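Residue-level structural notes
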Amino acid sequence: MMNATTKLLTEHQLLNIGCQAEYHKPNLILVHTPGLEFSMGTEMPSGALFEGPANIKHAIREHKHFQNQLRATGAKVLTVKDVLLEGTFNEDNNLHEGSALDALRNLAFHSLQYTFDGIYLKDRIELEETRREAINNKHPEELVDVILRQPQFKISYSKEGNTAYQTEYSIRPLYNIMFVRDHMITTDKGVVLGRMNSTQRMSEIAVMRFILEKLGVPIIYDLSESGYQEAKLDGGDFIPCG
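Glancing now at the overall build of the protein chain. Helix and strand counts for the protein chain stand at eight helices and eight strands. The C-alpha extent of the protein chain, read off along each of the three principal axes, is 65 × 45 × 40 Å. For the protein chain, the share of sequence-separated contacts (at least 6 apart) that also reach a separation of at least 24 residues comes to 67%. About 13900 Å² of surface is accessible on the protein chain, with carbon and sulfur atoms providing 51% of the total. Side chains of the protein chain carry 25 positive and 32 negative charges; the gap between the two charge centres is 2 Å.

Another point: the sheet that holds strand β4 (residues 151-157). Whenever strands of a sheet pair, they do so through backbone hydrogen bonds, lying parallel or antiparallel. The strand order across the open sheet formed by three strands is β3-β4-β5, and the pairing between neighbours is mixed. On the outer flanks of this sheet lie β3 (113-117) and β5 (165-171), each paired with one strand and no other. Neighbour-to-neighbour, the strand axes of this sheet turn through a mean angle of 25°, independent of strand direction. Bridging between β4 and β5 involves seven bridges; their strand directions are antiparallel.

This part takes up the packing of helix α5 (residues 99-111) against helix α8 (residues 204-215). Relative orientation of the contacting elements α5 and α8 amounts to 170°, with a least axis distance of 11 Å. Overall, the two elements α5 and α8 adopt an arrangement that is roughly antiparallel. Of α8, the residues touching α5 (which contributes A100, A103, L104 and L107) are A206, F210 and K214. Class assignment of the residues belonging to the contact of α5 with α8 gives a composition of six nonpolar, no polar and one charged.

Take the sheet that holds strand β7 (residues 190-193) next. Strand order in the open sheet formed by three strands is β6-β7-β8, with mixed pairing between adjacent strands. Across the chains shown, the open sheet's two edge strands, defined by having one partner strand only, are β6 (184-187) and β8 (219-222). If you compare each strand with its neighbour and ignore which way they point, the axes differ by 20° on average. Pairing of β7 with β8, which is carried by three bridges, proceeds in the parallel orientation. Bridging across to β8, L193 finds its partner in D222. Along the sheet, α8 contacts β6, β7 and β8; its crossing angle with β7, the most-contacted strand, is approximately 155°.

The next subject is unusual backbone geometry. A positive phi angle, close to 70°, is found at L49, a residue other than glycine. With respect to the element layout, L49 can be found in the loop between α2 (36-42) and α3 (56-72).

Definitions and limits used
- Residues numbered from 1 in each chain as written.
- Predicted model: local features only at pLDDT ≥ 70, side-chain atom pairs only at ≥ 80, totals over all residues.
- Heavy atoms only, no water.
- Helix = DSSP H or I, 4+ residues; strand = E, 2+ residues; numbered from the N terminus.
- Contact = heavy atoms within 4.5 Å.
- Areas by Shrake-Rupley, 256 points an atom, 1.4 Å probe, with all protein chains shown as cover.
- Lys, Arg positive; Asp, Glu negative; His and termini not counted.
- Charge placed at Lys NZ, Arg CZ, Asp CG, Glu CD.
- Pairing = 2+ DSSP bridges.
- Axes fitted to C-alpha atoms, helices over the stretch in contact; angles between N-to-C directions.
- Parallel < 35°, antiparallel > 145°, perpendicular 65-115°, else oblique.
- Nonpolar A, V, L, I, M, F, W, Y, C, P; charged D, E, K, R; others polar.

Here it is as structure tokens:
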């Protein structure tokens with residue numbers, strides 16, 4: 001299977017990824033258009049690291065204009081969603097079984113959390129199989145939604161007779177993931193993946209690691225997997241000046 005995105009990725013996988021100065025012209029730019037996860041953050045701005053409420057329709061329109069401005073400079077612009085979906089379904093919108101879909105399912109599986117309250121081990125095993133089955137039956141675009149919503153289900157036995165379980169549902173949406181620059185720094189030797197200072201944003205790193213690896217971008221150091229638990233790093237902490 002070869003679609004436009006696949007071709008674009010192939011063209012850039014062999015590029016030397018690096019940046020010597022902030023003012024140099026970029027060739028390949030990764031962005032994320034805000035979606036439902038962003039809208040959830042605007043409903044309680046101070047808890048989402050936002051300065052205040054925002055209109056998602058306006059944000060999407062402005063972000064698409066921003067992308068067009070970047071493309072007008074000659075840069076290749078990729079979106080997080082496009083990279084996540086690349087290679088997972090064909091032109092007829094049917095699933096394309098293979099490594100790309102398997103990897104996306106695995107990321108979505110770990111983004112969907114089940115916790116148990118008083119559930120016996122035998123039933124936990126069956127419920128985990130249900131979790132995997134639920135992921136395997138989703139369309140790739142639904143998998144992306146799971147990744148961006150980060151849902152959690154707290155499962156307990158039902159006290160009523162019409163169902164075996166009852167669940168409490170919560171989400172940890174990645175409402176700041178549109179600030180793609182924050183997750184990493186790009187040095188002249190390559191990309192260093194950081195560790196976010198805010199707990200609201202820590203889940204974003206796993207998604208960015210997945211995307212960089214899918215793009216073929218070598219990660220020369222991953223602070224989030226280092227032993228330095230207190231060390232923090234985001235894109236604004238580093239400005240290359242040649």
